[in-house]
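# An overview of the molecular structure
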Amino acid sequence: LSMATKVAGTFQIKSWDEKPAEEFGGGVKLTRARVKQSYDGDFKGDGTVEYLMTYGEGGAAAFVGFERVEGSVGGKSGSFIFQHGGVYENDTAKSSVSVVPGSGAEGMKGLRGNGNYVAGHAGATFTFEFNFV
């Protein structure tokens, strides 16, 4: 049994392409967003995420998504898929992420882990705890 390693860092949104999927009135709607982002810190890499988002009255949103990430962590490099689930309110997005089991390729084969991120006007930070099985 391997010990989990904790990493932290920052990320930047490189592009955000969001389109309405369905609108219900009163600001309530479903949207799809394709987002490209880059990670820096203990984990370095780039990811592309597909979000399905739902907005309620007042602009708060909930979202789920999958992100293919290519990068390096713990001296290994390769790709894997993050599963996202979170909320956006008060100009801040908060999400939990977990590695989809079996999604690791190259040096990321066997990667397991989870974490979270917070993104707001002051910047975006992440923490992630991982191990290889």
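Here's what I pulled together on the structure shown here. (Residues numbered from 1 in each chain as written. Predicted model: local features only at pLDDT ≥ 70, side-chain atom pairs only at ≥ 80, totals over all residues. Heavy atoms only, no water.)

## Things to note about the pattern of salt bridges
For the structure shown, the criterion picks out five salt bridges. With a shortest N-O distance of 2.2 Å, glutamate 50 and arginine 34 are connected by a salt bridge. Taken together, the residues span a long stretch of sequence, with glutamate 50 in strand S3 (residues 44-55) and arginine 34 in strand S2 (residues 28-41) at a distance of 16 residues. We classify arginine 34 as partly exposed; its relative accessible area is 40%. (Salt bridge = Lys/Arg side-chain N within 4 Å of Asp/Glu carboxyl O. Helix = DSSP H or I, 4+ residues; strand = E, 2+ residues; numbered from the N terminus. Buried < 20%, exposed > 50% of the residue type's maximum accessible area, 1.4 Å probe, protein only.)

## Concerning the side chain of serine 38
In this structure, serine 38 sits in strand S2. For serine 38, a relative accessible area of 13% gives the class buried. Excluding anything up to four places from it in sequence, serine 38 contacts Thr10, Phe11, Gln12, Lys14, Gly45 and Asp46. (Contact = heavy atoms within 4.5 Å.)

None of this, on its own, says anything about what the molecule does.
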